[in-house]
Amino acid sequence: MPAISHFSALRMTRKLALCLALLPFLVTAQSSSERTRWITDPVDFVNPFIGTTNVGHVFPGATIPHGMVKVGMDTDSPGNHAGYDSNPIYNVTGFSQLHDSGTGGSIPLSNFKVWAYPNCTSFERCPPSLANRKLLRKVREDGHADDFASPGYFSTNLTNGMRVELTATRRTALHRYTFPAGTTQPRILIDLTNDGQRSSTDPILTLDPDIGKVEGGASFAASFGPGRYRAYLCVTFRGSGYSIGKPTEYGVWLNNFPVRGTTDVQQVYYGFQPEMGALFTFNPSPTGQTSILVRVGVSFISSAQACETAEHEIPNFEFDEVHRKSRKQWNDVLSRVQVNPEGVPRETVELLYSSIYRTHISPADYTGENPNWESKEPYYDSLYCNWDTYRTLFPLMSLHDPVTFAHIVRDADPILGEFYVKFHEQAASLGVSAVDLYDALLADAEKQPPNWNLQGRQVEVWKELGYIAQDMFSPGGANTKQVSRTLEHAFNDFAIAQVAKVLGKEDEFKKYLKRAQNFENVWNANVSVPDEPSIVGMMQPRFADGTWNYTDPRHCSIHDPEKATCFLNAVRRDGFYEGSPLVYSQYVPQDTARLIELQGGVDTFVKRLDFIFANDYFESTNEPSQQMPFMYHYADKPGLSTQRSRQVIAQFFNTSRNGLPGNDDSGAMGSYAAFYLLGLYPLPATRQLLLSSPFFKEVAFHNPVLKTTTKIKAVGFNGNPSDGTGGNVFVKSVTIDGQPWKSSCYLDWDAFEKGSVIELTLTDDISVTCGTGDDALPPSISTGGYD
């Protein structure tokens, strides 16, 4: 997936401070028996290994919520985008401090690996290079690698007898290396240069032989996008339960050769050597087994700042205490979403909390660590990327973690719109300026940046034609993905319209709401699916003169005769990104009612949806498909939405190591699955959420900013069909605080804002409807739902 490179310029400058305390989750209950139904320690239900093989690219190591440091194992797997691969056939190459999670593109980060040797015959014979030091993990009886992880902690046992444990604070990692019994010369290596892409240049390194301290840094390639960044480290050591003393041996190493007695890179000739670091031999424990603690501070400013941070965040090398505090932070955020597990397999609970957990790995809090950020306000990076996450991740954050959302909100119209439409009354207290936010939205809508391909929009042609023409090339980027970008730009303008409405800017509200309907400009009513001619009308590329180009509706699907991927590629001119024309022809969340009209009415709309699912055009791995199972709501057939969404969970998501259908996309897939399990689907930048039934008897959301708790009860819940088909799971009627609600298809944000008890009466009748009133169907622009 595309990404914002480290330290990219951002459009907004404002102070975003943590003004409201994060409150523990509280549920008012009538009896002690009712209280016991809620999960009190959700960390125990998190499985960090979901998606750690088979291209899930999930990071299972140790971090705190949105921590900058993500310390974890690196393997030599070809799919080691998060460093790790759970498949035990791959060797371990080190334990590095920085990772991302669920990304595609080039391998990100994996900087500053640490390695331990229990049995080198001599200092000079320790093999320091990546290729020569690596080895396998032990394998358990069940065939899995002997690894363990829970939020804030990771451990493994290697085939050389080493046991490795990891934990972390925001900018500092703490390692614990336990050597095999009888080790007489425990050695530890610091690898300065080997990031995931092996891209380092300009290394600097010094070591202090009296206290065994390493400082240094290097420049590295960004993982997706142009530019490079510089990172620094500060490493210190301490014996666990004994005084480690001075290193007995030390030196810089180059490639596969340690040079004893050297203290910096100037003492050795390194020329164009690609690998470099430091190596130490320490005294073993005088009593019992030797364990050595390694504290690694990381900074993007200087090694001095890395040292200062490490000393401040982990002053006493107390591994168990750091782990305990990390676990507490995870429980604090996860416990704001509560479920009643009665009548539900543990796997379902694990799938939910593991999915929510992954939404808090990224983006990362780099506050104080961006050399290009001349401000003391919060700064978040590793946004891989807003296109992936605006649909479900930030709406999920709105439900339970708006303080972090307020810190993150910086970029992308739907994300800013999502925040302000829901939290405009609290924005000032959260440090978010309405003026700055709206000015940023208008700048994005009206001013074309020099490099719109990296950030911003191709605004001039959008304003001139109302669509991105396939044959217009303007400075600032490659003219690709024209249809996809047209649809996204229309939704961007919809988000701006919603903010303008809240601010009382009537003229601008009407202007951008009209531009939000520009999706019609790429609707070609005369294109049909080659193998199903009754499905007529398709989003298609268009030239500047108004004439049409043609892209096969099967393009980018498993049925594509050309087997195209529609990945980010500047040479492609097909008009679509990570989705077929069939998929994008269902993607108008702001005005699905108009889309139904364009497709010939409710019956043909439903027929098209059924065709997409029956013939595997639905793309579980890519975000444009995420809302598709819920599109039946707009045809007044919410039972079909409920069944489709449950079938998606049954088919594509589970708690195994390959339990994701593709990249997790920095929590985009996690939030998507979480919403399905909770019986909701968000409409970003609006005050509505589409409604289904949860996989639990009761779910509840605590919002620490609003200081409210909203509970959803599924009346008549008796479990979930394993294949997602049928069951007593369809919503017949809804009450809010005891009063009948106007729709069985959506909820308004007001219910979450004030804190409500929402009761869903369930039935096994899949033919349920949204209701009988004029506003029972979910809102669309063309029906006046957003006026």
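Residues numbered from 1 in each chain as written. Predicted model: local features only at pLDDT ≥ 70, side-chain atom pairs only at ≥ 80, totals over all residues. Heavy atoms only, no water.

Digging into the overall build of the protein
A count of helices and strands for the protein gives 19 helices and 28 strands. Relative to the 2.2 N^0.38 estimate, which gives 28 Å for 787 residues, the radius of gyration of the protein is 27 Å and therefore close to what a compact globule would have. Each of the three principal axes of the protein carries a C-alpha extent, and together these read 80 × 65 × 50 Å. Pairs at least 24 residues apart make up 70% of the contacts formed inside the protein by residues separated by at least 6 positions. Carbon and sulfur atoms provide 50% of the accessible area of the protein, an area that totals close to 26900 Å². Within the protein, one finds 68 positive and 86 negative side-chain charges whose respective centroids are separated by 3 Å. (Helix = DSSP H or I, 4+ residues; strand = E, 2+ residues; numbered from the N terminus. Rg over C-alpha atoms; globule rule 2.2 N^0.38 Å. Contact = heavy atoms within 4.5 Å. Areas by Shrake-Rupley, 256 points an atom, 1.4 Å probe, with all protein chains shown as cover. Lys, Arg positive; Asp, Glu negative; His and termini not counted. Charge placed at Lys NZ, Arg CZ, Asp CG, Glu CD.)

Quick look at the packing of helix 10 (residues 434–446) against helix 12 (residues 482–502)
Working note: a packed helix pair is described by the angle between its axes plus the distance between those axes. Close contact between helix 10 and helix 12 brings their axes to 11 Å; oriented N to C, the two are set at 150 degrees. Along this stretch, helix 10 crosses helix 12, giving a crossing that reads as left-handed. Between helix 10 and helix 12, the residues in contact are Leu-437, Tyr-438, Leu-441, Leu-442 and Ala-445 and Asp-493, Ile-496, Val-499 and Ala-500, respectively. (Axes fitted to C-alpha atoms, helices over the stretch in contact; angles between N-to-C directions. Left-handed = near helix turned anticlockwise from the far one by under 90°.)

Topic: the sheet that holds strand 28 (residues 757–763)
Judged by pairing direction, the sheet is mixed, and its 6 strands sit side by side in the order 16-23-24-28-25-26 without closing on themselves. Whereas interior strands pair on both sides, the edge strands pair on one side only; in this sheet they are strand 16 (337–339) and strand 26 (739–740). (Pairing = 2+ DSSP bridges.)

Details of unusual backbone geometry
Note that the residue after Ser-362, namely Pro-363, is joined by a cis bond; omega there is -5 degrees. We note that Asn-54 has phi near 60 degrees; this positive angle belongs to a residue other than glycine. Among the secondary structure elements, Asn-54 is positioned in the loop between helix 1 (32–35) and strand 1 (72–75). Not every positive phi belongs to a glycine, and Phe-112 is a case in point at roughly 65 degrees.

Section: the domain arrangement of the protein
The domains assigned to the protein are domain 1 (45–333) and domain 2 (383–783). Placing the centre of domain 1 and that of domain 2 at their C-alpha centroids yields a distance of 40 Å. Opposite the 25 residues of domain 1 that make contact, domain 2 presents 21 residues. For the pairing of domain 1 and domain 2, the buried interface totals around 1700 Å² over both sides, and the portion due to carbon and sulfur atoms is 58%. The largest share of the area that domain 1 buries against domain 2 comes from Ile-50, His-66 and Phe-224, three residues that together contribute 25% of it. Joining domain 1 to domain 2, the criterion identifies 0 salt bridges. Our enumeration of links across domain 1 and domain 2 arrives at 9 residue pairs in polar contact (both at pLDDT 80 or more). Along the lines of polarity and charge, the residues of the side of domain 1 that touches domain 2 split into 8 nonpolar, 15 polar and 2 charged. (Domains from an automatic or database assignment. Buried area = accessible area lost by both parts, 1.4 Å probe. Salt bridge = Lys/Arg side-chain N within 4 Å of Asp/Glu carboxyl O. Polar contact = N/O pair within 3.5 Å; in protein donor to acceptor, adjacent residues only side chain to side chain. Nonpolar A, V, L, I, M, F, W, Y, C, P; charged D, E, K, R; others polar.)

Structural notes on the side chain of Asp-413
Structurally, Asp-413 is set in helix 9 (residues 413–423). Setting aside its immediate chain neighbours within four residues, Asp-413 contacts Leu-441, Asp-444, Arg-457, Asn-492, Ala-495 and Ile-496.

Points about the sheet that holds strand 9 (residues 201–208)
Read across the open sheet, the 8 strands follow the order 4-5-6-7-15-11-10-9; overall the sheet is antiparallel. Two strands in the sheet have a free side with no partner beyond their single neighbour: strand 4 (147–150) and strand 9. Neighbour-to-neighbour, the strand axes of this sheet turn through a mean angle of 15 degrees, independent of strand direction. Bridge analysis of strand 9 against strand 10 (residues 213–221) gives 6 bridges, and the strand direction is antiparallel. Directly across from Leu-205, in strand 10, lies its bridge partner Gly-216. Sheet strands touched by helix 4 (residues 319–334): strand 4, strand 5 (153–157), strand 6 (163–168), strand 7 (172–178) and strand 15 (291–299). Its angle to strand 6, the strand with the most contacts, is close to 50 degrees.

Quick word on helix 4
Taking 1.5 Å per residue, 16 residues should reach 22 Å; helix 4 reaches 23 Å between its end C-alpha atoms and fits that length. By the burial criterion, the buried members of helix 4 are Phe-319, Val-322, His-323, Ser-326, Trp-330, Asn-331, Val-333 and Leu-334. (Expected span 1.5 Å × (residues − 1). Buried < 20%, exposed > 50% of the residue type's maximum accessible area, 1.4 Å probe, protein only.)

Re the UniProt feature "domain: Glycosyl hydrolase family" (unreviewed entry) in the protein
In the numbering used here, UniProt assigns the "domain: Glycosyl hydrolase family" (unreviewed entry) feature to residues 305–410 and 412–763. Each end of residues 305–410 is marked by a C-alpha atom, and these two atoms are 26 Å apart; helix forms 54% of the span and strand 7%. (UniProt positions renumbered as here; feature names shortened; annotations may be inferred.)

As for the environment of Val-529
As for its placement among the helices and strands, Val-529 is situated in strand 19 (residues 523–529). Residue classification places Val-529 among the buried residues on the basis of a relative accessible area of 0%. Sequence separation between Val-529 and Lys-563 is 34 residues; the distance between their C-alpha atoms is 16 Å. In this view, Val-529 contacts Ile-535, Met-538, Pro-553, Leu-582 and Phe-611; residues no more than four positions away in its chain are not counted.

Quick notes on the nonpolar core
In this structure, Phe-419, Met-539 and Phe-752 are the most contacted members of the largest nonpolar core, which totals 145 residues. Tallying contributions element by element places helix 12 first for this core, with 9 residues. Lining this core are residues from two domains, each supplying at least three of them: domain 1 (45–333) and domain 2 (383–783). Residue contacts for Met-539: discarding those within four places in its chain leaves Val-483, Leu-487, Phe-519, Val-522, Trp-523, Phe-576, Pro-581, Tyr-584, Ser-585, Val-588 and Leu-595. (Core = buried A, V, L, I, M, F, W, Y, C linked by side-chain atoms within 4.5 Å.)

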